[in-house]
Structures are given as structure tokens and as C-alpha cells.
Amino acid sequence: MGGSPIVTPALANRLGVQLRQSLHSQGIDPVDSQEILVNRIKHPTQVIYGSAIALKWASRLHQSPFELAEVILTNLRSLDLGDDSGLGVLSRDFTFELLPSGILQFMLTDGGMANWLEEIIRNPWINTPIQDLAVSPERFIIQYTHARCCSLLRLAHRDHLISLVESDFISSLPLKRDQISPPISWLTVNGKLQFIERCEYQLLTQFVNIVDVLFSSSSSPDWPKLAEQLSQNFQEFYRQCRIWGEVKQNNPELAQARLGLVLITQFLLQILLAEKLGIMAPLEL
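Here the structure is a predicted model, which is why all the values come from computation and not from measurement.

Asks: Looking at this structure, how should I read the overall build of the chain?
Replies: Helices and strands together make up the secondary structure of the chain, namely 11 helices and 6 strands. Within the chain, contacts between residues separated by at least 24 positions form 71% of all contacts whose residues are at least 6 apart in sequence. Summed over all atoms, the accessible surface of the chain reaches about 13500 Å², with 51% contributed by carbon and sulfur.

Asks: Before we go on, may I ask you to explain a nonpolar patch on the surface in this structure?
Replies: A grouping of Val 135, Phe 140, Ile 141, Tyr 144 and Leu 285 is seen on the molecular surface, where their side chains present a nonpolar patch of about 460 Å² in accessible area. Relative to the helices and strands, Val 135 resides in the loop between strand 5 (128-129) and helix 6 (140-158). Assessed through its relative accessible area of 37%, Val 135 is described here as partly exposed.

Asks: Can you help me understand helix 8 (residues 198-214) in this one?
Replies: Along an α-helix, residues three or four positions apart point the same way, because every turn accommodates 3.6 residues. With 17 residues, helix 8 should cover 24 Å at 1.5 Å per step; its first-to-last C-alpha distance of 25 Å lies within 8% of that length. In terms of burial, helix 8 is a largely internal element, 14 of the 17 residues being buried.

Asks: Can you walk me through the side chain of Arg 122 in this structure?
Replies: Mapping Arg 122 onto the fold places it in helix 5 (residues 110-122). Among the polar contacts listed, one links the side chain of Arg 122 to the backbone oxygen of Ser 181, at a separation of 2.3 Å.

Asks: Honestly, the pairing of strand 3 (residues 94-98) in this entry has me stumped. Any pointers?
Replies: Pairing of strand 3 with strand 4 (residues 104-108), which is carried by 5 bridges, proceeds in the antiparallel orientation. Residue pairing across strands places Phe 96 opposite Phe 106, the latter belonging to strand 4. Following strand 3, the chain reverses through 5 residues before pairing antiparallel with strand 4; Gly 102 in that reversal takes a positive phi of roughly 100°.

Asks: What's the story with the pattern of salt bridges in this structure? I'm lost.
Replies: This structure, assessed with the given rule, holds 7 salt bridges. Across the salt bridge formed by Arg 92 and Asp 93, the nearest N and O atoms sit 2.9 Å from each other. We classify Asp 93 as buried; its relative accessible area is 11%. Glu 236 is the partner of Arg 239 in a salt bridge, and the nearest nitrogen-oxygen pair spans 2.6 Å. With Arg 239 and Glu 236 both in helix 9 (residues 223-240) and 3 residues apart, the pair spans about one turn of that helix. According to the relative accessible area criterion, Arg 239 is exposed, its value standing at 59%.

Calculation rules
Going along each chain's sequence as written, the residues are numbered from 1 onward. A pLDDT threshold of at least 70 governs which residues receive local features in this predicted model, and a stricter bar of 80 or more applies before side-chain atom pairs are shown or counted, although totals over entire chains, interfaces and linings include all residues. Excluded from the side-chain calculation are hydrogens and water; included are all heavy atoms of the structure. Note on conventions: DSSP H or I runs of at least 4 residues are helices, E runs of at least 2 residues are strands, and numbering of each starts at the N terminus. By definition in these notes, contact holds between two residues if any of their heavy atoms fall within 4.5 Å. For accessible areas, the Shrake-Rupley method is used with a probe of radius 1.4 Å. Any residue's cover is judged against the shown protein chains and nothing else. Think of a patch as exposed residues, more than 30% relative accessible area, with no salt bridge, where like charges cluster within 9 Å and nonpolar side chains (Val, Leu, Ile, Met, Phe, Trp, Tyr) cluster within 5 Å. Salt-bridge detection follows one rule: a side-chain nitrogen of Lys or Arg within 4 Å of a carboxyl oxygen of Asp or Glu. To sort residues, take the accessible area from a 1.4 Å probe on protein chains only and compare it with the maximum for the residue type: under 20% means buried, over 50% means exposed, and anything in between is partly exposed. In a helix, the anticipated span is given by 1.5 Å times the number of residues less one. As used in this structure description, the phrase polar contact means that two N or O atoms lie within 3.5 Å; if the pair is within protein, one of them must be able to donate a hydrogen and the other to accept it, and residues adjacent in sequence are counted only when both atoms belong to side chains. Two strands pair under a simple rule: DSSP has to find at least two bridges between them.

From the geometry alone we can't say anything about function, so treat these as descriptive.
Here it is, written out as C-alpha cells:
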């Protein structure tokens, strides 16, 4: 992949960093990242992670897994890495749960998801020029989805729903929002995500999964399958979720939030197509 950011956008890695710091406060300094592995817990609409770190280390510290997990949670709640780290405060974006077995669970809050989505849009970690690659018959539907995203974003720019860097329309990908634009209104006035359809939440969880996989050193993903799933889920989202018409008129915040999903889909499909599958990520077909 192109140049990586200073701070990984992968939530699994961020949790791992904070767990490592919590262990360090107990006098433990794992040298192998696998020793603090954080795993996604499958859920269709929520982002939940689990860690068995307390089970792994409890016997070495002569503690029960539950007792050690309590200590780890206490340490996590006291950690404040500050804004300069880019990792944020864990308790701001996640809720914690300690299971009787000693397993730690972390659930991404609506506010945490909104923060992460805006970060991805504000700081896309690649700037790949449009490549002179071929359209692949085997992957045409994925390329079509990418081109569809680009078309929708250009239309939204012309309709003043979002503001994009216009030079990107013909010269580079991903399409990017103008940096002076205000943040997308991901949340309602009640602090809940704008989204109302199941397919929207399925897209969100897929975004998180793909970014985690992109920055994982321990997995061997099936890139074509990931790209096909994202393409299929986006097509389902586009069938069910209106952006223009009544939605634009009566709920422009929802329309803009849905365009944010289009923007991130385009960005991730570009990476999967051009960098992982080695085929064109077209602006149009």
C-alpha cells in the first residue's frame, strides 16, 4: 500500500496498543504482538472486539483471569494518551465489558464510529494517481461499483451536498472532501448515528473490518472476496437508501452522511482494486 499514516486507522491495532500499555503498567512488556491479539466478534451491525489477554497472562502473574482483567480495565480507564498521539481516549469511543471468564469486550459507540468515519475521510492514507490498468471482465462489477461511487460523488459536489477537491475529478484518487468543509453530521442531536437501515450498518462494520485487515500483519485475506462483498453491500445500500429527492430536501444531514458512506466505499474499493487486485479503479465506465 502507499505511505502509511503516523497512527494506524485500524481500530484493532489501536486497542492492542492500549492493552500493551495497560500490561506495561503491570510490569509486563510483551515482545510479540500476537500476545495481545484483539479479535473482532462477528456481529452484523455493531463493532465489537474481544481480547483473551487476561487468560493468557493470569497464570504467570498468579492471579485469576477475572482479577487480572479487572486490573487491566482499571488501567485502561486511567489511560489518557492525549490528542497528540492520534489514538484518542479509549473510554471516549468504546464501552467496556468484562465477562465472567475474564474475556474483555470493547464495543464501539456511535460517537466513536462518527469520530473514526470523519478521520478516514479527513485523512485518507493514500494518494495514488489514476493508473493505466485494464478493466477486468472477472472483476467488472467491482470496478462498476467504484465508478458508480465516483459518479455519485461528482453529482453531490455539483448539487452542493458535499464539497470535493475539484482537481481530483480527473487527476487522482481517492476523491477527497475539501479540507475547509465542516465535519459531516454523522450523529443526530441525540448523539445517535444518522443511519436507519440495516444495510447502512452492515457497510459500517465492513469498513472497520477491511481497514483492520489492511493493517494486519498476521492475516492472509482473500482480497477478491473482500472486494466483492464490499461491492455487493454497497449495491444493496444504494438500492435501499435514497440520497436525493425527499431525503435531500427533508433530511440533508442524512443525505450527507450517506454520501460519506459512498466516499469511504470509493476509497476502500480503490485500494482493493488497484493495490490488492492490480486492476483499474476507474472514475467512470
